[in-house]
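This is what each chain is made of:
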Amino acid sequence: MSNKNALITGVTGQDGAYLSKLLLEKGYGVHGILARRSTDTLWRLRELGIERDVHLIDGDITDLSSLIRAMEASKADEVYNLGAQSFVGSSWQQPLVTAQVDGVGVINVLEALRVVNKDARFYQASTSEMFGLIQAEHQSETTPFYPRSPYGVAKLMGHWATVNYRESFGIHASSGILFNHESPLRGIEFVTRKVTDGVARIKLGLAKELRLGNIDARRDWGFAGDYVEAMWLMTQQPTGGDYVVATGTTTTVREMCRLAFEHVGLTTEDHVVIDPKFYRPAEVDVLLGDPSKAKQVLGWEPKTDLKTLVAMMVDADLRRLA
Ligand code: GDP
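Here the structure is a predicted model, which means the values were calculated and not measured.

### Looking at the packing of helix α1 (residues 14-25) against helix α8 (residues 224-235)
Where α1 contacts α8, the axes come no closer than 9 Å and their chain directions differ by 65°. For the element pair α1 and α8, the recorded crossing hand is right-handed. Contacts from Gln14, Asp15, Tyr18, Leu19, Leu22 and Leu23 of α1 reach α8 at Ala224, Gly225, Val228, Glu229, Met231 and Trp232.

Here's what the structure looks like:
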């Protein structure tokens, strides 16, 4: 068992919840930065049964002084920066907030680490959205970036800040370029959870249709529970690095829908309505990751296929709504 301390920004999000659980199981003291909001943000920690085990520290990644205090209070050996405005769709409506949180916020966390304890290890939640208009069929650590949303642009800043702090100050900093990862704890605005929630509602007679945008988009979807293990493995290496975390399989939104409807014995065509309201000003048509480096160096491989993941999500939504 470990006696280390971890500090997690974004602890109330999907990945924050799964990572907290993983680290608690390994014996870490887990500290999370809680940006006070008027809505209930602790439901994910509650669902995983760890609400009481995570030490919550008031703060915000846009507030450097709160991060410095959190670094001191937590005595963090490892810092996981998962806090972000994480929904691509909203980033066109809130480009400046997105830039402050997803771009400048990363520098705030890195500065707090550098000032308080430069030996602490750092993980940055980077994203396949940085590849955007893809420059290679399979995207790896060496594929050039071409972001297609204010979200992708801001995340690219965070990615390069992480690389730069590693190269400038010798900080053990890693950037995990995670492809889409989903779970029953995914926010409802993301397409997978929107679909599994919609399917559950239709199955239970609570709704008749499901309105979606571009269902020809393709994504490389994995299970968030598998992906947080890769985050931890990165901070355990002798040096920091950049790693693509993906399944290596790409699937259309249409096919993902089919899996969800089929799981409850229904048909996509009977219920899905295309609504241009959900189209994006610029689309990322396809993402397909090459996780060879993560496999070779970290010994990491995804364990959950999309069919199993979709079934898990639909069943969870059926339980919640029943
Ligand atoms: P993203 O890859 O981080 O943007 O994850 P999302 O789950 O939000 O979107 C994945 C893909 O699904 C994108 O290409 C969207 O354009 C597409 N999509 C189609 N219909 C919808 C919808 O109703 N909501 C969302 N969120 N995405 C949709």
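Moving on, there is more to tell.
### So, helix α11 (residues 306-321)
Compared with the 22 Å implied by 1.5 Å per residue over 16 residues, the 22 Å span of α11 between its first and last C-alpha is a close match. Of the surrounding elements, those touching the buried residues of α11 are β7 (181-182), α7 (191-203), β10 (222-223), β12 (251-252) and α9 (253-263).

### Considering the domain arrangement of the protein chain
Partitioning the protein chain into structural domains gives domain 1 (5-181 + 221-245) and domain 2 (187-219 + 250-281 + 304-321). Its C-alpha centre places domain 1 at a distance of 27 Å from the equivalent point of domain 2. Counting residues at the interface gives 14 residues for domain 1, matched by 18 residues for domain 2. Summed over both sides, the interface of domain 1 with domain 2 buries roughly 1400 Å², with 64% coming from carbon and sulfur. Taken together, the connections running from domain 1 to domain 2 amount to 2 salt bridges. Between Arg219 and Glu129 there is a salt bridge, with its nearest N and O atoms 3.8 Å apart. Scanning the region where domain 1 abuts domain 2 turns up 2 residue pairs in polar contact (both at pLDDT 80 or more).

### As for the pattern of salt bridges
Oppositely charged side chains can pair when the atoms bearing their charge come close. For the coordinates displayed, the defined rule picks out 21 salt bridges. The shortest N-O distance in the salt bridge between Asp317 and Arg193 comes to 2.8 Å. Within this pair, whereas Asp317 is found in helix α11, its partner Arg193 is found in helix α7, the two being separated by 124 residues in sequence. Put simply, Arg211 and Asp275 hold a salt bridge, and the shortest N to O gap is 3.0 Å.

### Regarding the packing of aromatic side chains
According to the stated counting rule, one finds 8 aromatic pairs in the structure shown. Summarising the aromatic geometry, the rings of Tyr227 and Trp300 are spaced 5.3 Å apart at their centres and angled 85° between planes, so their arrangement reads as edge-to-face. With Tyr227 in helix α8 and Trp300 in the loop between α10 (292-298) and α11, the pair connects residues that are 73 residues apart, well separated along the chain. Of the residues examined, Tyr227 reaches a relative accessible area of 0% and is grouped as buried. Members of the aromatic cluster, each reached through a chain of ring pairs, are Phe131, Phe145, Trp160 and Phe179. Note that Lys194 overlies the ring of Phe278, its terminal NZ or CZ placed 3.3 Å from the centroid.

Cut-offs used in this document
Residues numbered from 1 in each chain as written. Predicted model: local features only at pLDDT ≥ 70, side-chain atom pairs only at ≥ 80, totals over all residues. Heavy atoms only, no water. Axes fitted to C-alpha atoms, helices over the stretch in contact; angles between N-to-C directions. Helix = DSSP H or I, 4+ residues; strand = E, 2+ residues; numbered from the N terminus. Left-handed = near helix turned anticlockwise from the far one by under 90°. Contact = heavy atoms within 4.5 Å. Expected span 1.5 Å × (residues − 1). Domains from an automatic or database assignment. Buried area = accessible area lost by both parts, 1.4 Å probe. Salt bridge = Lys/Arg side-chain N within 4 Å of Asp/Glu carboxyl O. Polar contact = N/O pair within 3.5 Å; in protein donor to acceptor, adjacent residues only side chain to side chain. Phe/Tyr/Trp six-rings, centres within 6.5 Å; stacked < 30°, edge-to-face > 60°. Buried < 20%, exposed > 50% of the residue type's maximum accessible area, 1.4 Å probe, protein only. Lys NZ or Arg CZ within 6 Å of the ring centre and 35° of its normal.

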